[in-house]
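Chain residues, written in single-letter form:
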Amino acid sequence: MIQENIQSIIRQRQPLALRVMKARESLSAALEGFERFNFLCRETFQDKDLAKEFNGVVSILEEADKIAGDATKRLDELKHIQKRLTRNTLNIAVIGRARQGKSRLLQTITGLTADEIPDSNGGFCTGVRSDIINEDTEMTYAIVNFLTEAKFISENVTPYFAELKNFFSIVPTSLSEFKSLSIPMPEDSLDTSINQHLKHLADLQRNIPQYEHLLDQRPRRIKKEEIRLYVAQDDKEGNRGYYNYLAVESVEIFCRFPNSEVGALRLIDLPGLGDTKLGDVGRVVNALKDQVDLVLFLTKPSNAGAGWQDIDTDLYSQARSALGEKLPIERWAFWVFNHDSRTGADNEIQCKLLRDSISDAQIKVAQTVVVDCTHSHDVSKNLIDVALAHLSRNIERNDREYAENIQSMVNSTVQNMRAFVENVRALLKDDDDFDKDSDTFDVLFEDLWDALRGEMQACVGEDSRLRANRKEPYMELMKEIEQVLEEERTNEFPLTEEEIKRASRGEGGVLTAYQNALHYLRTRLSGKLQISLDRILDDLLKKMKSEFTEIFATTGKLNIKRFDNVSNHELLGKMIDCIQASGNSETMPTILKGLKFLDEWTMSYRSFIQHRLRGALNVLDYDEKECQDKGTPRNASQAVEILRGEYEETIYKVKQALDGIYTEPNEAAFAVAEEFKDIMIRSNEIRTHSDDNEKPHQKFKNDLKIQWRRFYRPIRGDVWPDEYGHSQRRRDINTKLRAPLDSLLSMFTNSSFDFLR
């Protein structure tokens, strides 16, 4: 029955675990955006003048640090509860001081021996955490999880330096640094705890060669007989000679418990406390946060007399801090008094005295149990069955209480984040002064518009260079074509008789080699023309575009900071980006259309010239009659002779085919320029609607001019810095900071943070 209840509990946890995971992801994304915004603010307000202007925002940035810190804590708490709810076992931890019978208790429950769960009547035997999992297996085995070098340093070495800071000027961050460290010898004049810390640190350093080869190793499966080598500090005779445990993070032991009815149970054996090795208490507390459903505190009173010791109450306080009030430990803890029933050592009276005085020690637990840890029936009936029954009755309530407390804290943190964002958003209100003096903008824009329209008209007007050149040959193109053709005509013929012979030795003989050579010559000539002419045509295009971009940069006053380091012909693309980034591109369709038209227009060899050469290249195409009429070569020598004649004829025909095109590039450039001008300043009159009572004359509205106003208005501070610069800077900062704020606000409007819904 208990086993079925355990499986039911594990299954019922899964849906809540999934919702916790989603809430954690949502909070993580919100925190990431929150911290990005915080960093953006600090980076922006390094400018002291800006910091003064936005003093309201700057003054509350420290509050953001606190909120972010709280959110980080909430993420950590969500991680812990998620791990708790996704486990496939119920976990019971046993903690206590050394030599209280903890290992004997675990041996009794699991059926294992001192070979797997070391015990000792002397010092501290167990060196690392061991998890013992009930599994239906014939052979007991274990998985050893090793420390990384970084974790070894942070967990096993670094804690000592907080206590020994007067002895060292640096804290090692790597194993090599720790190896080279000079550690002072203990002295009688020093405090006992200081000497113990120095001794432990020196032991760690001295034994590095014994265990460093295990650091950073992947998990390793070992046999039952090997377990003690990785978890114990000494052998069965009590001789200290084992050091592997120093490189081990934990060991998971899989075996079949004698009482198979316990089902999916994991027992967590933590190192005995009370040794001077630093960090053990911290490891216990961390384990309790997300890996334990029930904790068993174990005490074995002396038969000579008993009383509550500070180390017991301190351990209880430390353990209680693991979840604090999120789930008070009295809901999920037993205190177990180990009854030693041996003749002459019986401590039953002392166990009962401590049990009855537990409240005097300010210790609250769910139950107290007196049990002989060496007696299997006593342990099974009076401890394990009782503990599992308690879990079966209470774990769902515990999970719910824990989850509700975490949910409340998450909600509070999210509300604080949202309130901060809304507060900053309110502080980043529009600068009213920026929009007050509309008359000033009207005057400035009217002057710019008149000048811009006049300059663009003049660019293709009666006295313009583009208009004057439109009927003139493009001399750079003519020179480049003639140079390429002359070089091909006078240079050494690119194919030799030997090359044709080598090609003929393959499939197809001389005829195939000849046909391949025709293809090579045809593509060679076309390729040389393309490389040269693409550059020439591109230069013409850039010159034409630059005539307009120069007007935009100077007359249009767009030589502004946001367009810094932009060459003239690239300004068109920047203007397009500016419109599209404004979010109002649909209000400037004509301007955007015109800019894209000019920016994307190209002239190239393939589009402008290649098709004109098709007929001239027929002599070099074996599928064409003109080529076939030249005859079929019988050998390599004849092939080269025919090919040379065909190539020369082709060069001549190409020159003839291109003689009439030299004015066309200038004509095309002028036509495009004129169309661009028409789009940008002429396609500007639209008929407006009027009611029937209006006079019958047509009423027009300059829509294009309105679009240009929409383009200039958001950037007027850059264009007219003397009149608007200060306000524009404030507006830019507002815009820069509002976007991430709005994104954050949208995150806070959903319910994904609520995992209890």
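Quick caveat, the model's predicted, so the values are computed rather than measured.

Definitions and limits used
Within each chain, residue numbers correspond to sequence positions counted from 1 in written order. Selection of residues for local features in this predicted model requires a pLDDT of at least 70, selection of side-chain atom pairs for listing and counting requires 80 or more, and totals for whole chains, interfaces and linings are taken over all residues. Only hydrogens and water are set aside; all other atoms, that is, all heavy atoms of the structure, feed into the side-chain values. Whether two strands pair comes down to DSSP finding at least two bridges between them. Helical segments are the DSSP runs of H or I of at least four residues, strand segments are the runs of E of at least two, and each set is numbered from the N terminus. To obtain an axis, a line is fitted to C-alpha atoms, over the contacting stretch when the element is a helix, and the angle between two such axes runs from 0 to 180 degrees between their N-to-C directions. Here, two residues are considered to be in contact whenever any of their heavy atoms come within 4.5 Å of each other. Only protein chains enter the accessibility calculation, which uses a 1.4 Å probe; a residue is then buried when its area is under 20% of its type maximum, exposed when over 50%, and partly exposed in between. Every case where a carboxyl oxygen of Asp or Glu lies within 4 Å of a side-chain nitrogen of Lys or Arg is listed as a salt bridge. Working rule for angles: under 35 degrees goes down as roughly parallel, over 145 as roughly antiparallel, 65 to 115 as roughly perpendicular, anything else as oblique. Crossings are classed by handedness, with left-handed meaning an anticlockwise turn of the near helix from the far one by less than a right angle and right-handed meaning a clockwise turn. The criterion for an aromatic pair is that two Phe, Tyr or Trp rings (for Trp, the six-membered ring) have centres within 6.5 Å, with stacked assigned to planes under 30 degrees apart, edge-to-face to planes over 60 apart and tilted to the rest. Only buried Ala, Val, Leu, Ile, Met, Phe, Trp, Tyr and Cys residues count toward a nonpolar core, and they belong to the same one when joined by side-chain atoms within 4.5 Å. A residue's pLDDT is simply how confident the predictor is in it, with values from 0 to 100.

Trainee: Provide a residue-level description of the sheet that holds strand E7 (residues 294-299), including the pertinent values.
Mentor: Spatially, nine strands are ordered E4-E3-E5-E2-E6-E1-E7-E8-E9 in an open sheet, and the strand pairing comes out mixed. Whereas interior strands pair on both sides, the edge strands pair on one side only; in this sheet they are strand E4 (220-223) and strand E9 (367-371). Taking the axes of each pair of neighbouring strands and ignoring which way they run, one obtains an average angle of 25° across the sheet. Strand direction decides the pairing type here: strand E3 (residues 141-146) and strand E5 (residues 248-255), joined by six bridges, are antiparallel. Directly across from Phe146, in E5, lies its bridge partner Val248. Along the sheet, helix H13 (residues 348-356) contacts E7, strand E8 (333-338) and E9; its crossing angle with E8, the most-contacted strand, is approximately 155°. Along the sheet face, helix H14 (residues 376-427) touches strand E1 (90-96), strand E6 (265-269), E7, E8 and E9 and points at about 165° away from the line of E9.

Trainee: Describe the side chain of Ser130, and please don't skip the residues or the numbers.
Mentor: For Ser130, the location among the structural elements is in strand E2 (residues 129-134). By relative accessible area, which is 3% here, Ser130 ends up buried. Beyond its immediate chain neighbours, meaning those up to four positions away, Ser130 contacts Val231, Val251, Ile253, Leu267, Ile268 and Asp269.

Trainee: Account for the pattern of salt bridges, naming residues and giving values.
Mentor: Applying the stated criterion across every chain yields a total of 48 salt bridges. Ionic contacts of the salt-bridge type, sharing partners, join the residues Arg13, Arg84, Arg87, Asp293 and Asp399 into one network.

Trainee: Before we move on, could you go through the packing of helix H19 (residues 497-504) against helix H25 (residues 636-658) and cite the residues and values that matter?
Mentor: Where H19 meets H25, the closest approach of the two axes is 8 Å, and the angle between their N-to-C directions is 120°. One way to sum up the angle between H19 and H25 is to call them oblique. In the crossing of H19 with H25, the sense of the turn from one axis to the other is right-handed. Facing Glu497, Ile500 and Lys501 of H19, the residues of H25 in contact are Ala636, Ser637, Ala639, Val640 and Leu643.

Trainee: Account for the packing of aromatic side chains, with residues named and values stated.
Mentor: Tallying each qualifying case throughout the model produces 24 aromatic pairs. Both rings, one in Trp449 and one in Trp708, keep their centres 6.4 Å apart while their planes meet at 40°; by these two values the pair is tilted. With Trp449 in helix H16 (residues 438-459) and Trp708 in helix H27 (residues 703-712), this pair connects stretches of sequence that are 259 residues apart. Ring geometry for Phe748 versus Phe753: centroids 6.2 Å apart, planes at 35°, classification tilted. Here Phe748 falls in the buried class, since its relative accessible area comes to 5%. Judged by relative accessible area, Phe753 falls into the buried class, the value being 6%. Members of the aromatic cluster, each reached through a chain of ring pairs, are Phe441, Phe445, Trp449, Phe548, Phe552, Phe676, Trp708, Phe711, Tyr712 and Trp720.

Trainee: Can you tell me about the packing of helix H4 (residues 61-86) against H14, naming the residues and giving the values?
Mentor: Axis angle and axis distance: for two packed helices, these are the angle between their axes and the distance between the axes, and together they describe the pair. The contact between H4 and H14 brings their axes to 10 Å, and the two run at 155°. Classified by the interaxial angle, the pair formed by H4 and H14 is roughly antiparallel. For the pair H4 and H14, the crossing hand works out as left-handed.

Trainee: I'd like a description of the nonpolar core, backed by residues and values.
Mentor: The biggest cluster of nonpolar side chains holds 87 residues, and the ones touching the most others in it are Phe552, Trp708 and Tyr712. A total of 18 residues in this core trace back to one element, the largest contributor, which is helix H20 (residues 509-553). In this structure, Trp708 is in contact with Phe445, Trp449, Leu452, Phe552, Met575, Ile591 and Met680, ignoring residues within four places of it in sequence. Ala17, Leu75, Ala287 and Ile358 belong to the second-largest nonpolar core, a separate cluster that totals 73 residues.

Trainee: So what's going on with the confidence of the model for the chain? Residues and values would help.
Mentor: On average, the chain scores 85 in pLDDT, and the residues at 70 or more come to 92%. Low pLDDT, under 50, characterises residues 694-701; the stretch is placed with 14 contacts to residues that sit more than four places away or in other chains.

Trainee: Just give me the short version of the environment of Pro159, but keep the residues and values in it.
Mentor: Here Pro159 is to be found in helix H6 (residues 149-163). In this view, Pro159 contacts Ile153, Ser154 and Leu278; residues no more than four positions away in its chain are not counted.

Trainee: Help me get a handle on the side chain of His80, residues and values and all.
Mentor: Mapping His80 onto the fold places it in helix H4. Residue His80 is classed as buried on the basis of its relative accessible area of 10%. When near neighbours in sequence (up to four residues on either side) are disregarded, His80 contacts Lys289, Asp290 and Tyr402.

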